[in-house]
Amino acid sequence: MAERYPLVEQREYGSPGKRGTWLTRRVTRDDQDLPLVAPHQVRVFRVGEEYVEDHGQLRAGDRIVVEASSVTVVDQRVEVPVVVETRIPSAEADDFTVRATFYCTVTDPCAVVRDGITDVEALLLGHLRDVPGLTEDGSDQPIMRSAAVRDRIDARLTAYHEMRPATLSGLRARHGLVEVLTPREVAEALAQEDDDRRRRELDRAREEREQEAALRRALLETELELKREELRNTSALRKERYRQEEELEKEFGRQKYESVRSRFQRGADATQQEHDLTLQAQRNRAQRAELAEDFRLIGADPIAADFNAWRNGDISAAQLAERLHAAEERRDELTDSRLRVAREEELKRVAMEREEHHWEVERDDRRHELTRAEELEQAKAAREEEARRWDLEHEDLLRRRQEQRADAERLHRDARDWAKEQLAVRAQLGKQAIDRGLFDSTMYDAGAFINSVGDVSYPQGAATGGGERDGTRLGASTARPAADGKAPLAGDGKARLAGDAKGRLAGEARAELNGGLRRPGPAPTPAPAPGSAAAPGPAAGASGDDEDDDDYSDGNAEASLEH
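Section: the overall build of the protein
- Helix and strand content of the protein: 13 helices and 10 strands.
- Total accessible area on the protein is roughly 40,500 Å²; 52% of this is exposed by carbon and sulfur atoms.

As structure tokens, this is what we get:
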């Protein structure tokens, strides 16, 4: 069986580091982190929950390699033999040893890595032991009938694998050779394996000794070669050092000669330059003196300059005459232009003064208009403010009048309700007293009591007090003469209204009491005619004993209630 099948190598990665120069620095892994793969092997990188298959194309700086947490090398050889052995009982005391060979091929490297298929032999051994009836195939056969047992097991495994092939994650396992060994064959096989192992160990030891000898011989040869090379290098260095010293001495002599020569040449050049500069300074000084004298004599006069040029021969007499004529014409033109400019300046000054005066007049007019408009706006605003103030005072006056009227009506209504309540209470008390016969045993005039029911004190101040709350100012502001010249009837009209309401309520109470006081007795005295003197009015009959009757009726009512 091939060693380390199907997972050849596994490596776990840590966090990648940054590598490269400061310009090309980036996150990557080292090339040593990538395991080498053979032509029949692949690498499987785990990136998170995914598994990526690589045939040796990815590099250390690729994203998959940087993000991977582990890498596994998977063997993809075809038909790799895997041998498994198990023991089954026989008819004798010893057991048969069944050796089955399976040929495995990796079909999905990612599935093999994901499911961790590391021990294929154990999985196939479990699959072999799961074959039903495998242990009973040799239980009826002696040890010498191993061939028959092998045929039985081969047929059983072939049929079983055709119905239920071995299911391994990412692997395809095919059933191959089946061997049934006796204990003696097993012992011989083990002895043969031990001999082979010892032979391999001896061969490996011999090869190691030969390798060590070859390595020692190579080291000695290398040391000898290094010493020879060192001697050659030492000799060459010595020769090179002598040659360099000789060249240095030659170069030093040449530089010294060049230095002395250059120093002498610089001294000679400096002396010559100083002489040339002295001559040039004298020439420049003479030219400046001559130029200063000419400037002092000629100055800025172009005519004098022309005469100087004619004297020096720079121009001819004809050119001098032309220049003098041109200078005269320029002088005349300059005079004319100065006069024209002066006239233009005078005209501009007069025009500017005229425009300035016109602008001042317009500015005064505009200021006057703005002042007049502002005054009109202020007067308009004052009138509007006065009108608004008058409107507010008028609205305030109307609101106060309405409030006074509403207060008077509310007071009148309250007084009337209070009078009604008093009349109703007295009528109720009188009715209860009559029903209980309180007046049968007393000398009391029922008519006087009936008349006293209507004599309820009416709060005159309540009816007229609403108009007197504001004092004299309200009366002065609201009291106006009527259209026919009569005095206002505010107080008298309220009194009359109160008297009418009082009389009406008193009449209703008397009628109710009369209906309740009718009982057997002497017939009432017929009432005199309305115009006769013997017919007292309702108020006249009750005017004499008003207060006594009221006290008496109240006392009787309270006594009856206590009884």
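Some points on the sheet that holds strand β10 (residues 171-181)
- What the 4 strands build is an open sheet, ordered β7-β8-β10-β9; its pairing is antiparallel. Two strands in the sheet have a free side with no partner beyond their single neighbour: β7 (80-89) and β9 (167-168).
- The strands touched by helix α3 (residues 120-129) within the sheet are β7, β8 (95-106), β9 and β10, with β7 carrying the most contacts at an inclination of about 45°.
- Across the face of the sheet, helix α4 (residues 146-163) comes into contact with β7, β8 and β10 while running at roughly 165° to β10.

Quick word on the packing of aromatic side chains
- Taken as a whole and judged by the stated rule, the model has 0 aromatic pairs.
- The lysine or arginine in question, Arg 241, covers the ring of Tyr 242, its NZ or CZ lying 6.0 Å from the ring centre.

Topic: the pattern of salt bridges
- The full count for this structure, using the stated rule, is 28 salt bridges.
- The salt bridge partner of Arg 174 is Glu 79, with a shortest N-O separation of 3.2 Å. One end of the pair, Arg 174, is in strand β10; the other, Glu 79, is in the loop between β6 (70-75) and β7, and 95 residues separate them in sequence.
- Since its relative accessible area comes to 43%, Arg 174 is described here as partly exposed.
- Between Arg 389 and Glu 393 there is a salt bridge; the shortest N-O distance is 2.7 Å. You can see Arg 389 and its partner Glu 393 sitting in helix α7 (residues 317-435), 4 residues apart, about one turn around the helix.
- Overall, Glu 393 belongs to the partly exposed group, its relative accessible area being 43%.

Considering the packing of helix α6 (residues 302-312) against α7
- With their axes 10 Å apart at the nearest point, α6 and α7 run at an angle of 175° to one another. Our classification of the angle between α6 and α7 gives roughly antiparallel. In this structure, α6 uses Ile 303, Asp 306, Phe 307 and Trp 310 to contact α7, whose residues at the interface are Ala 317, Leu 320, Arg 323 and Leu 324.
- Here the contact of α6 with α7 is built from residues that sort into 6 nonpolar, no polar and 2 charged.

Some thoughts on unusual backbone geometry
- For Glu 79, which is not a glycine, the phi torsion comes out positive at approximately 60°.
- When its relative accessible area of 29% is taken as the criterion, Glu 79 is described as partly exposed.

A few points about α7
- Over its 119 residues, α7 extends 170 Å from the first C-alpha to the last, a length consistent with the 177 Å expected when each residue adds 1.5 Å.
- Following α7 by one or two positions, Gly 437 has its phi on the positive side, about 75°.

Some words on α6
- Here α6 has its buried residues at Asp 306, Asn 308 and Ala 309. Buried residues in α6, looked at end-on, bunch into an arc of 160°, giving them a common side.
- Just downstream of α6, Gly 313 is the residue with a positive phi angle, here 85°.

A few points about the nonpolar core
- One finds Cys 104, Val 120, Leu 124, Ile 153 and Leu 171 to be the most contacted residues of the largest nonpolar core, which totals 35 residues.
- Residue assignment for this core shows that the elements contributing at least two residues are β4 (41-47), β7, β8, α2 (109-115), α3, α4 and β10.
- Among the elements that line this core, the one with the most residues is β8, at 6 residues.
- Residue contacts for Leu 171: discarding those within four places in its chain leaves Tyr 5, Thr 105, Val 106, Thr 107, Val 112, Ile 117 and Val 120.
- The next biggest cluster of nonpolar side chains, apart from the first, holds 9 residues, and it includes Tyr 13, Leu 34, Val 47 and Ala 60.

Quick word on the side chain of Arg 43
- Here Arg 43 is to be found in strand β4.
- Its relative accessible area of 5% is what places Arg 43 among the buried residues.
- A polar atom in the side chain of Arg 43 sits 2.9 Å from the backbone oxygen of Pro 35.
- Beyond its immediate chain neighbours, meaning those up to four positions away, Arg 43 contacts Leu 34, Pro 35, Val 37, Val 52, Glu 53, Asp 54, Gly 56, Gln 57, Leu 58, Val 71, Thr 72 and Val 73.

Some details on the confidence of the model for the protein
- Mean pLDDT over the protein: 76, with 73% of residues reaching 70 or higher.
- Contacts from residues 458-498, a stretch scored under 50 in pLDDT, to residues over four places away or in other chains number 35 contacts.
- Note on residues 516-563: pLDDT under 50 across the span, and 35 contacts to partners over four residues away in sequence or across chains.

A closer look at the pairing of β6
- Summarising burial for β6: 6 of the 6 residues are buried, a large majority.
- Residues of β6 alternate between two faces, with Ser 70, Thr 72 and Val 74 on one and Val 71, Val 73 and Asp 75 on the opposite face, all of them buried.
- When strand β1 (residues 7-12) meets β6, the two strands line up antiparallel, connected through 5 bridges. Counterpart to Glu 9 in the pairing with β6 is Val 73.

Topic: the side chain of Gln 41
- Along the chain, Gln 41 turns up in strand β4.
- Residue Gln 41 is classed as buried on the basis of its relative accessible area, which comes to 14%.

Examining the sheet that holds β4
- One open sheet accounts for 4 strands, arranged β1-β6-β4-β5; its pairing is antiparallel. Two strands in the sheet have a free side with no partner beyond their single neighbour: β1 and β5 (50-54). Neighbour-to-neighbour, the strand axes of the sheet open up by a mean angle of 20°, direction not taken into account.
- Judged from the 6 bridges that link them, β4 and β6 form a sheet pairing that is antiparallel. Its bridge partner lying in β6, Arg 43 is registered against Val 73.

Cut-offs used in this document
Residues numbered from 1 in each chain as written. Predicted model: local features only at pLDDT ≥ 70, side-chain atom pairs only at ≥ 80, totals over all residues. Heavy atoms only, no water. Helix = DSSP H or I, 4+ residues; strand = E, 2+ residues; numbered from the N terminus. Areas by Shrake-Rupley, 256 points an atom, 1.4 Å probe, with all protein chains shown as cover. Pairing = 2+ DSSP bridges. Contact = heavy atoms within 4.5 Å. Axes fitted to C-alpha atoms, helices over the stretch in contact; angles between N-to-C directions. Phe/Tyr/Trp six-rings, centres within 6.5 Å; stacked < 30°, edge-to-face > 60°. Lys NZ or Arg CZ within 6 Å of the ring centre and 35° of its normal. Salt bridge = Lys/Arg side-chain N within 4 Å of Asp/Glu carboxyl O. Buried < 20%, exposed > 50% of the residue type's maximum accessible area, 1.4 Å probe, protein only. Parallel < 35°, antiparallel > 145°, perpendicular 65-115°, else oblique. Nonpolar A, V, L, I, M, F, W, Y, C, P; charged D, E, K, R; others polar. Expected span 1.5 Å × (residues − 1). Arc of directions from axis to C-beta. Core = buried A, V, L, I, M, F, W, Y, C linked by side-chain atoms within 4.5 Å. Polar contact = N/O pair within 3.5 Å; in protein donor to acceptor, adjacent residues only side chain to side chain. pLDDT = per-residue confidence, 0-100.

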